Amino acid sequence: MTSPTDDVLGPGAPTPPIPIEGGAADATSYLPANAAVLGDALLDRLRATGAEVVLDEARLGEASRDWWPAAMIWATEGKVPARAGAVVRPTSAEQVAAILKACNDAGVPVTPAAGRSSVCGSAIPLHGGVVLDLCSLSGIVGVDDTSLTVEVLPGTFGDHFEADLQREHGLTVGHWPQSMALSTVGGWLACRGAGQYSTRYGKIEDIVVGLEVALADGTIIRTGGAPRAAAGPDLNQVFVGSEGTLGVITRAWLKAHPAPSHQRQAAWGFSSFEDGLEVCRRILRRGATPAVLRLYDDIEGERNFETGEGVHPLLVMDEGDATLIDAVMSIIEEECAGATVLDTALVDRWMGHRNDVSALEKLIGGGLVVDTMEISGPWASLPGIYTGALEAIRSVQGTLAASCHQSHAYTDGACLYFTFAGKVEPEQRDTFYAAVWDAGTRAVLEGGGALSHHHGVGLNRSRFMAEALGPAFEVLVALKGALDPNGVLNPGKLGLPDPFGPAGWPA
Ligand SMILES: Cc1cc2nc3c(=O)[nH]c(=O)nc-3n(C[C@H](O)[C@H](O)[C@H](O)COP(=O)(O)OP(=O)(O)OC[C@H]3O[C@@H](n4cnc5c(N)ncnc54)[C@H](O)[C@@H]3O)c2cc1C
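A quick note: this is a predicted structure, and the numbers were derived from the prediction, not measured. (Residues numbered from 1 in each chain as written. Predicted model: local features only at pLDDT ≥ 70, side-chain atom pairs only at ≥ 80, totals over all residues. Heavy atoms only, no water.)

Draft legend 1. Highlighting the nonpolar core. Ranked by internal contacts, the top residues of the largest apolar core, which has 75 residues, are Trp-68, Leu-416 and Phe-418. Apart from residues lying up to four places away in sequence, Phe-418 is in contact with Asp-371, Thr-372, Met-373, Ile-375, Ile-385, Tyr-386, Ala-389, Leu-390, Ile-393, Ser-403 and Cys-404. Counting residues in hydrophobic clusters, the runner-up holds 38 residues, among them Val-152, Leu-165, Val-185 and Leu-189. (Core = buried A, V, L, I, M, F, W, Y, C linked by side-chain atoms within 4.5 Å. Buried < 20%, exposed > 50% of the residue type's maximum accessible area, 1.4 Å probe, protein only. Contact = heavy atoms within 4.5 Å.)

Shown next, in the form of structure tokens:
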């Protein structure tokens, strides 16, 4: 069965994506955004909260970036996106609240950060100020085995969380992002993330039961907490996906499940990506929800599994109660009857390498511009989005490769995960990168897709938010104005109005 206890656990601390040329201490800001000044009075007030206040230049440099691929390129030039003024490390919700109140009173930006594994620049301190490092708020607080819920602190790294939950309590939350060892529970919630098994266990917005949140003015609130309550709108969902712009999650209650006792795997090959999509749609329509239902186009099939040109492989894995899993696999076998049966060793191969995160560093270190663009769309629109987005990305001069797989599937639609790589002159890399994102994103939005399925928005996708949400974007702006009237919480993200000035991205 899936268990991180079988793997080597990660460090339980942020993993740097790529070395910074010349070292983190001397790294300078790449983006031209205005930087806030941290006065001595604020520093004294931050120290008085009891939290650790870090001013060491090397630690500031490291805390000034995340896994955004654009920033990984800048790291090869000795730059971070924007340097933090201080890193503050609270150990309680009360300290978080006091830090937020101090920054709010001083009008200084505060950027919550934990694993710093965001790939959109969500965790970078665009205007300097305080990086609120939540990694010391870590660990499982309690488990209600009768109601199947777990109470956990936000800075708990994913692999440690699941290892403890399975070992100590025989339970799983079932949230397995590829970045399991790089990311935290709070980061999953703040980015509205997806585990690789979301077709069975749901995305994090389905898994959350309740939250404790510290607001910009220092108030601590609790949201949710009861199953399917009807006391007005679900306030959990105001903070899930808010990327640190509306409040800081200081505690979470999540749904759990008995650790799986049974697992089955299968693999098939389709002669077109669209045929594979259609079969996935029919599987979900019949109510089968296998943990893994991953469909690769033939480019990715060949790259990852050597399945050959013209073969679009579908990998299936499900886990849980044996009776249920056998029923799910029977439905899948019936729906895949016309496809070629492939070796289940392909699933083992994927399972063995699924959390390997070394590829980006190698490619970017080698001078390529690479990134991934994950989106979601309804089944009716997915074939058009697949073709339209690939065409749009390939039309940008400098693109060497563009490919796609379906990574997560639901009754109403799925996530398509595009990967692109290009090579241009070093001084053209930002322009090329932004042009690919413009072309791909516009094709997705025009095709009826959503801006993101699980990576979120951050800085990179900010410019598309108003267009993607339409008039509803003003509701988000109003929420921001009500909860954070001084705009100090993670300014420059989610496309929200930024009182500190323009981001300078893209140039
Ligand atoms: C190799 C790789 C693979 C990835 N695979 C996946 C995947 O399979 N699925 C997926 O969903 N994502 C994936 N990601 C993206 C990333 O891991 C997720 O977005 C993750 O949820 C971020 O968590 P973090 O702890 O690193 O947060 P950070 O990067 O530190 O922060 C991300 C955002 O959340 C905010 N934030 C963090 N903690 C809190 C808090 N307690 N309260 C309020 N705001 C907070 C920050 O301000 C920031 O806006 C991947 C990233 C990499 C590098």
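Draft legend 2. Layout of the environment of Asp-326. Mapping Asp-326 onto the fold places it in helix H12 (residues 322-335). By relative accessible area, Asp-326 is classed as partly exposed at 31%. With residues near it in sequence (within four places) discarded, Asp-326 still touches His-262 and Arg-264. (Helix = DSSP H or I, 4+ residues; strand = E, 2+ residues; numbered from the N terminus.)

Draft legend 3. Structural view of unusual backbone geometry. Between Trp-505 and Pro-506 the backbone carries a cis peptide bond, its omega angle lying at -10°. Of note in the backbone geometry, Arg-116 takes a positive phi value of approximately 55° without being a glycine. Looking at the element boundaries, Arg-116 is found in the loop between strand S5 (110-113) and strand S6 (130-133). You can call Arg-116 buried: its relative accessible area is 14%. Phi at Leu-494 is positive, roughly 60°, even though this residue is not glycine. When you line up the elements, Leu-494 lands in the segment after helix H18 (473-483).

Draft legend 4. Up close: the state of the cysteines. Under the definition given, this model contains 0 disulfides. Free of any disulfide, Cys-336 has its nearest neighbouring cysteine sulfur in Cys-280, separated by 7.3 Å. (Disulfide = S-S within 2.5 Å.)

Draft legend 5. Expanded view of helix H13 (residues 345-353). Residues of H13 that are buried include every one of Leu-346, Val-347, Trp-350 and Met-351, and no others. All buried residues of H13 project into a common sector of 140° when viewed along the axis, lining one side. Opposite the buried face of H13, by more than 90 degrees, sit the exposed residues Gly-352 and His-353. Its buried side turned inward, H13 meets strand S14 (262-270), strand S15 (292-296), helix H11 (298-305), strand S16 (312-320) and strand S17 (340-342). (Arc of directions from axis to C-beta.)

Draft legend 6. Highlighting empty space enclosed by the protein. What the rule picks out here adds up to 1 cavity of 30 Å³ or more. Considering only enclosed or pocket space, the largest cavity measures out at about 40 Å³ in volume. Taken together, Val-119, Cys-120, Asp-371, Thr-372, Glu-374, Trp-437, His-455, Asn-460 and Arg-461 make up the full set of residues lining the largest cavity. The greatest single-element share of the lining of the largest cavity, amounting to 3 residues, is contributed by strand S18 (residues 369-378). Partitioning the lining of the largest cavity into residue classes produces 3 nonpolar, 3 polar and 3 charged. (1 Å grid on protein atoms, 1.4 Å probe; cavity = no way out; pocket = protein on both sides within 12 Å on 5 of 7 lines; lining within 4 Å. Points joined across faces, edges and corners; volume = space filled by probe spheres on them. Nonpolar A, V, L, I, M, F, W, Y, C, P; charged D, E, K, R; others polar.)

Draft legend 7. Geometry of the sheet that holds S5. On the basis of which strands lie adjacent, the open sheet formed by 4 strands has the order S2-S4-S6-S5 and mixed pairing. The open sheet has two edge strands, strand S2 (52-54) and S5, and neither has a second partner. Between one strand and the next, the sheet's axes are offset by a mean angle of 25°, whatever the strand orientation. Of the pairings in the sheet, the one linking S2 to strand S4 (residues 86-89) comprises 3 bridges and is antiparallel in character. Looking across to S4, one finds that Glu-52 is bridged to Arg-89. Contacts from helix H1 (residues 40-48) reach S2, S4 and S6, with the element oriented near 145° to S2. Here helix H4 (residues 93-106) sits on the sheet in contact with S4, S5 and S6, set at roughly 170° to S6. (Pairing = 2+ DSSP bridges. Axes fitted to C-alpha atoms, helices over the stretch in contact; angles between N-to-C directions.)

Draft legend 8. Highlighting the site of the ligand. The local shell around the ligand holds 35 residues, among which Pro-112, Ala-114, Ser-117, Ser-179 and Thr-184 are the closest. A distance of 2.8 Å separates an oxygen atom of the ligand from a polar atom in the backbone of Arg-116. Between Ser-117 and the ligand, the recorded distance is 2.6 Å, taken from a side-chain N or O atom to an oxygen atom. Burial of the ligand by the surrounding chains reaches 97%, relative to a free accessible area of 970 Å². Of all the elements in the fold, those that place two or more residues in the shell around the ligand are S5, helix H6 (185-191) and strand S12 (248-255). Class assignment for the residues of the shell around the ligand results in 17 nonpolar, 16 polar and 2 charged. (Near = heavy atom within 4 Å. Polar contact = N/O pair within 3.5 Å; in protein donor to acceptor, adjacent residues only side chain to side chain. Areas by Shrake-Rupley, 256 points an atom, 1.4 Å probe, with all protein chains shown as cover.)

Draft legend 9. Main features of the sheet that holds strand S11 (residues 220-224). Judged by pairing direction, the sheet is antiparallel, and its 5 strands sit side by side in the order S7-S8-S12-S10-S11 without closing on themselves. The open sheet has two free edges, formed respectively by strand S7 (140-144) and S11, since each of these has just one partner strand. Each strand axis lies, on average, 15° off the axis of its neighbour in the sheet, ignoring direction. When strand S10 (residues 208-214) meets S11, the two strands line up antiparallel, connected through 5 bridges. Paired with Leu-211 across the strands is Thr-223, a residue of S11. Contacts from helix H5 (residues 158-169) reach S7, strand S8 (149-152) and S12, with the element oriented near 45° to S7.

Draft legend 10. Quick look at the packing of aromatic side chains. Here the structure, examined in full by the defined rule, presents 11 aromatic pairs. For the ring pair Trp-68 and Trp-505, a centre distance of 5.2 Å and an interplane angle of 90° mean the geometry is edge-to-face. Of this pair, Trp-68 sits in the loop between helix H2 (57-62) and helix H3 (69-75) while Trp-505 sits in the segment after H18, and the two are 437 residues apart along the sequence. The pair Trp-68 / Trp-505 is uniform in exposure class, with both members buried. Ring geometry for Tyr-296 and Phe-305: centres 5.1 Å apart, planes at 75°, overall edge-to-face. For the pair shown, Tyr-296 and Phe-305 are each scored as buried. Each residue in the set Tyr-30, Trp-68, Trp-74, Phe-420, Tyr-433, Trp-437 and Trp-505 is aromatic and connected to the rest through ring pairs, giving one cluster. (Phe/Tyr/Trp six-rings, centres within 6.5 Å; stacked < 30°, edge-to-face > 60°.)

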